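# Structural characterization, general
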There are 2 protein chains.
Amino acid sequence: MEATKSVADQNAPAVGRRERNKQEKLARIVSAARELFRDRGFAETTTQQIAEAADIGTGTLFLYARSKEDLLVLVFRDEMVETARTAFAALRGDEPLLDQLMQVFTSMMDYHQRDTDLARILLKEIMFPNAIGRQADISELLDIIFGGLADLIARARKDGRYAQGANPVHVAENLFANYYFSLLTWLGGRVTREQTAHRLRQHLAITIGEVA
Amino acid sequence: MEATKSVADQNAPAVGRRERNKQEKLARIVSAARELFRDRGFAETTTQQIAEAADIGTGTLFLYARSKEDLLVLVFRDEMVETARTAFAALRGDEPLLDQLMQVFTSMMDYHQRDTDLARILLKEIMFPNAIGRQADISELLDIIFGGLADLIARARKDGRYAQGANPVHVAENLFANYYFSLLTWLGGRVTREQTAHRLRQHLAITIGEVA
DNA sequence: GCTATAAACTGACTACAGTCAGAAATGAAG
DNA sequence: CTTCATTTCTGACTGTAGTCAGTTTATAGC
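Please read all numbers here as calculations on a predicted model, not as lab measurements.

Each value, and the rule that gives it
Residues numbered from 1 in each chain as written. Chains lettered and ligands numbered in written order. Predicted model: local features only at pLDDT ≥ 70, side-chain atom pairs only at ≥ 80, totals over all residues. Heavy atoms only, no water. Helix = DSSP H or I, 4+ residues; strand = E, 2+ residues; numbered from the N terminus. Contact = heavy atoms within 4.5 Å. Areas by Shrake-Rupley, 256 points an atom, 1.4 Å probe, with all protein chains shown as cover. Near = heavy atom within 4 Å. Polar contact = N/O pair within 3.5 Å; in protein donor to acceptor, adjacent residues only side chain to side chain. Salt bridge = Lys/Arg side-chain N within 4 Å of Asp/Glu carboxyl O. Buried < 20%, exposed > 50% of the residue type's maximum accessible area, 1.4 Å probe, protein only. Expected span 1.5 Å × (residues − 1). Core = buried A, V, L, I, M, F, W, Y, C linked by side-chain atoms within 4.5 Å. Phe/Tyr/Trp six-rings, centres within 6.5 Å; stacked < 30°, edge-to-face > 60°. Lys NZ or Arg CZ within 6 Å of the ring centre and 35° of its normal.

## Considerations on the overall build of chain A
- In terms of regular secondary structure, chain A is built from 10 helices and zero strands.
- Going from N to C terminus, chain A has its helices and strands arranged as α-α-α-α-α-α-α-α-α-α.
- Here the analysis covers contacts within chain A between residues at least 6 apart in sequence; of these, 67% occur between residues at least 24 apart.
- Carbon and sulfur atoms make up 50% of the accessible area of chain A, which amounts to about 10900 Å² in all.

Below you can see the structure in the form of structure tokens.
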């Protein structure tokens, strides 16, 4: 659809041109998928519809995402990264550690609350660290969360807000495991969000060695 | 295939007879599914094959299990219950709490190690406490695990092997969350079993407030 | 420009979980 | 035994994720 080519384009390496096309097409696919997932939901959207909306063939779609669930990761990963980043950035810094942790985790729960059906699938498909058959990479997201948590622990210790001597990275993993499990029970449908948050607080308190 | 009927059978209420047939058919289905899952794996077994092996129509299969994954639960639930029960029963009772916990969890990991592909699916499909579309009930399994853990905590406290004051049920949940997350990373394929066990020990130690 | 090679694309096709309208079996009542 | 109602069963069918043999497009060398 490009009528003319600039001199710069002509001089650019061939690989670059191809790569750019690829990126543009991927962006078109992800954007189409996002709209459809939001509109009709994940299960109700067919890969045919996505391909059609992105103006490509069915087969092409699967050259850009290995599976429909892979596509889901591509669509929502950036939002989740942003949510996590914002949650950590919003902390004042001198609150009690337990409060900081709860602020971060409830922010993330807020994000999931917007669409719990989607959250259920994300939880099952994204967070499950199973690389088999998975293309889209979520290590950046995990780095932000684990790194952020470990950072909070280390700082709290320096400020005397946390007395325990365990490795901050291990504490971070323990905390996240508890958050993850809370999400499971929440999205499993048996408990309300309030109950979940309350329970999570208790679990976090146990991990950091405080009485809730 | 019953050639004769006893007087007792003839006098038995009709509902009983029907119910018995239903149970027998379910047993046949579960048994057929178990064999096929073991032989070929979950993904490679089709519901058609299961139905054929159980000598019923395709549609009938879905009257006894709501989905293929439901069938998986029916097939392996009892084994998992047995594994958990045995793991708790095998404890001597006077070991340090952390050692007891590790014994229980490594026993359960032993079970999963026999077939990690299956474990991956079980972890995703069974343990995920999502009742939506799920028929087979795993509350007995969860009761055994949570109850067993809470019991260990309570006893250790009474014996002076555990000083913390938190609610044993909450501690049990925290411990299980860490076990569950360890399984995720293990079965995710990035780490060996030994690394996983070592890491788990650290996490459990943090939860119960000990230095590993 | 032309040709050859490689990369990207395509949609008809396959495989399979799960459905459903109707058939068969069971049991109750006369 | 003969209805009639209810439960149980069935397999042809449907919808859709993902594949693949063949086609088109982009690039490199001449």
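## Re the protein's contact with DNA strand D
- Lining the immediate surroundings of DNA strand D are 20 residues, of which T47(A), K68(A), K25(B), T60(B) and Y64(B) lie closest.
- Of all DNA strand D atoms lying within 4 Å of any protein atom, the proportion belonging to sugar or phosphate reaches 72%.
- Contact between DNA strand D and G59(B): a base nitrogen at 3.2 Å from a main-chain N or O atom of the residue.
- At a separation of 2.8 Å, a phosphate oxygen of DNA strand D approaches a polar side-chain atom of T60(B).
- For the surface near DNA strand D, the elements supplying multiple residues, two or more each, are α2 (14–40) and α4 (58–64) of chain A together with α2 (14–40) and α4 (58–64) of chain B.

## A word on the pattern of salt bridges
- This model, assessed by the stated rule, comprises 16 salt bridges over all chains.
- Between R161(A) and D159(A) there is a salt bridge, with the nearest N and O atoms lying 3.1 Å from each other.
- The residue R201(B) makes a salt bridge to D99(B) at a minimum N-O spacing of 2.5 Å. Here the residue R201(B) occupies a position in helix α10 (residues 193–207), and D99(B) occupies one in helix α6 (residues 97–113), the gap between them amounting to 102 residues.
- According to the relative accessible area criterion, R201(B) is partly exposed, its value standing at 28%.

## Regarding helix α8 (residues 139–158) of chain B
Residue and element names in this part refer to chain B.
- If you check α8, its first and last C-alpha atoms are 28 Å apart, about what 20 residues at 1.5 Å a residue would give, namely 28 Å.
- The complete set of buried residues in α8 reads L141, I144, I145, G148, L149, A150, L152, I153 and A156.
- Looking at the buried residues of α8, the elements they touch are α5 (68–89), α6 and α9 (168–188).
- Of the residues trailing α8, G160 is marked for its positive phi of about 75°.

## So, the nonpolar core
- Formed by 137 residues in total, the largest nonpolar core has its most connected members in L101(A), L149(A), L101(B) and L149(B).
- For L101(B), the contacting residues outside a window of four places in its chain are L149(B), L152(B), L175(B), L204(B) and I208(B).

## Observations concerning the side chain of N174(A)
- By the secondary structure assignment, N174(A) is in helix α9 (residues 168–188).
- There is a polar contact of 2.9 Å between the side chain of N174(A) and the side chain of N178(A).
- Those residues in contact with N174(A) that sit more than four places away from it in its chain are T207(A), N174(B), N178(B), H203(B), I206(B) and T207(B).

## Here's the deal with the packing of aromatic side chains
- All chains considered together, the criterion is met by 17 aromatic pairs over all chains.
- The interplanar angle of 65° and the centroid separation of 6.0 Å between the aromatic rings of F181(A) and Y180(B) together place this pair among those described as edge-to-face. A residue pair is termed interchain when its members come from two chains, as with F181(A) in helix α9 and Y180(B) in helix α9. Comparing F181(A) with Y180(B), the two get one shared label, buried.
- Ring-pair connections join several aromatic residues into one group, and the members of that group are F105(A), F146(A), F176(A), Y179(A), Y180(A), F181(A), F105(B), F146(B), F176(B), Y179(B), Y180(B) and F181(B).
- Its guanidinium or amino end placed over the ring of F42(A), K68(A) lies 4.6 Å from that ring's centre, counting from NZ or CZ.

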